[in-house]
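Structural features, examined
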Amino acid sequence: DDKAPSLKHFAGEHLEADEYHKAMAEPDTVIVDVRNAYESAIGNFQPPPGGAELIDPKMRNSIEFPKWLNDPQTQEKLNGKKVLMYCTGGIRCERATALLNQMSTVNPNLKPKGVYELRGGIERYIKSFPNGGYWNGKNYLFDRRMEQIPLNGEMVSSGDHNQQQIKEQGPRIATTPHAKCCWCRQPWSIYRGKFKCCQSLCGVPVIVCKSCESDALANPQKLTCELCKEGYKTPEVMPDLVGVKRKAESIVKEQTSDSNDSNNGRKQASKKKKTISDKEQDGSSPSSSKQVFQDRLFLARLPLTVTFSKLGEVFGGKDKIKLVHWLTDKKTGAFYGSCIVQMVSPEAAQEALRIASSGGIKIDKKRIKISMATSVKRNSSEGEEPWPPIPNFVQKEFPPIG
């Protein structure tokens, strides 16, 4: 799709739930709910006082997001700010963050300090914060459940069978004061009956309470959503998505080329040293010497869906793994399908190799490559190779997206 933003070059940075939670408390930060307005009506994030500002694009559907982002008033709100985006499961944020980064690359009046998205969306956030965290209200769903409420660290249906437990959780997560029945205007936050806005070219779901269902069924032509009630109109100007994409990619390509050119001198100066190093690594030099780490494994051809837990499953349990170092591209910071796994012992590493040699190891139906981790042996003057290689290493469940 020529109009779709390039995820490869412009996707936003993923934040884990705990990182996103901390970011919501920071000033000079805005939170953009990239879901539709009728979803936001029954639940959204409420950052603490002095923290981020919540922005609702007031979309009837996702097609309106580029128009909203192209509006000068929107760009003024985002310019110079740290921008956090979220949605139900994280999929819509992929394109939304990429589109913002793409447009900011070509627009001098749109320069956010950073564009981030909540990995795993609302559901994963709730699992990390059983008491709801900064979440307020319900999570809208596009299936028979219609909406969910945080309950004991999980998102559960707000059906009758859960009402007693929901009541015990307290009113903060069980009700959403600003959601109302579109007929009687009383507080209500349950979508039932498939009622739709009757206004021309709208047709979004509307909330009708139990007391008003019969009236709504008899007079569907009077049902009106909140956006239509306030007379809200979506910004009209759609950006040239194809043109913006091509121009942004051209700028990135030019910047990359300039960066490569500036490094040519240094590369030429170290060419001889690199050649010798390459020979040592492939064993063609008589002075080559490799260090083999008996408790570490090098894994390649990993699917992007790999996690620390999945590695634990194929190696007989997470307790067999001491740490996983996700390998990333030096320029983009993106995970490219390889990692170094430090097992709890050399015996555990050998057992993993045995499993791989006997029947192979697959993760999410993809066969991976596994071998002992090696490194060019360092001189005594250089000291021991640092491990883990990242200062203040913190184990992450998911590999970085970049």
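Each chain carries its own residue numbering, running from 1 in the written order of its sequence. With the structure being a predicted model, the display of local features is reserved for residues of pLDDT at least 70 and the display and counting of side-chain atom pairs for 80 or more, all residues being used for whole-chain, interface and lining totals. Excluding hydrogens and water, the side-chain values take into account all heavy atoms of the structure.

1. What about the overall build of the chain?
Definition in use: In DSSP terms, a helix is any run of H or I states spanning at least four residues, a strand is any run of E spanning at least two, and both are numbered starting from the N terminus. Burial classes: relative accessible area under 20% of the type maximum marks a residue as buried, over 50% as exposed, and values in between as partly exposed (1.4 Å probe, protein chains only). Here, two residues are considered to be in contact whenever any of their heavy atoms come within 4.5 Å of each other. Accessible areas in this description were obtained via Shrake-Rupley with a 1.4 Å probe; residue shielding takes into account the shown protein chains only.
In terms of regular secondary structure, the chain is built from 16 helices and 16 strands. For the chain, the proportion of its 402 residues judged to be buried stands at 43%. A separation threshold of at least 6 residues defines the contact pool for the chain, and within that pool the share at least 24 residues apart is 69%. Carbon and sulfur atoms make up 50% of the accessible area of the chain, which totals about 22100 Å².

2. Considering the pattern of salt bridges
Stated precisely, the cut-off is as follows: Salt-bridge detection follows one rule: a side-chain nitrogen of Lys or Arg within 4 Å of a carboxyl oxygen of Asp or Glu.
Tallied over the entire structure, the rule returns eleven salt bridges. Notably, a salt bridge pairs Arg 92 with Glu 39, separated by 2.9 Å at the nearest N-O pair. On the criterion of sequence distance, the pair formed by Arg 92 in helix α6 (residues 91–106) and Glu 39 in helix α3 (residues 37–40) is long-range, its members being 53 residues apart. Overall, the relative accessible area of 25% leaves Arg 92 in the partly exposed class. Assessed through its relative accessible area of 0%, Glu 39 is described here as buried. Measuring nitrogen to oxygen at the nearest pair gives 2.7 Å for the salt bridge that ties Asp 364 to Lys 310. Of this pair, Asp 364 sits in the loop between β14 (362–363) and β15 (366–367) while Lys 310 is found in helix α15 (residues 308–314), placing the two residues 54 residues apart along the sequence.

3. A closer look at the packing of aromatic side chains
Convention followed: What counts as a ring pair is set by centres within 6.5 Å for rings of Phe, Tyr and Trp (its six-membered ring), and what kind of pair is set by the plane angle: stacked under 30 degrees, edge-to-face over 60, tilted for all other angles. We count a charge as sitting over a ring when the NZ of a lysine or the CZ of an arginine lies within 6 Å of the ring centre and within 35 degrees of the ring normal.
The tally for this structure, following the rule as stated, stands at ten aromatic pairs. Geometrically, the ring pair formed by Phe 45 and Trp 135 is edge-to-face, given 5.2 Å between the ring centres and 85° between the ring planes. Within this pair, whereas Phe 45 is found in strand β3 (residues 43–45), its partner Trp 135 is found in strand β7 (residues 135–137), the two being separated by 90 residues in sequence. On the basis of relative accessibility, which here comes to 0%, the residue Phe 45 falls in the buried class. Of the aromatic side chains, those joined through ring pairs into one cluster are Tyr 20, Phe 45, Tyr 86, Tyr 125, Phe 129 and Trp 135. Over the ring of Tyr 116 we find Lys 82; its NZ or CZ atom is 5.1 Å from the centre of that ring. The ring of Trp 387 carries Arg 296 above its face, with NZ or CZ at 4.1 Å from the centroid.

These figures come from the coordinates and say nothing about function on their own.
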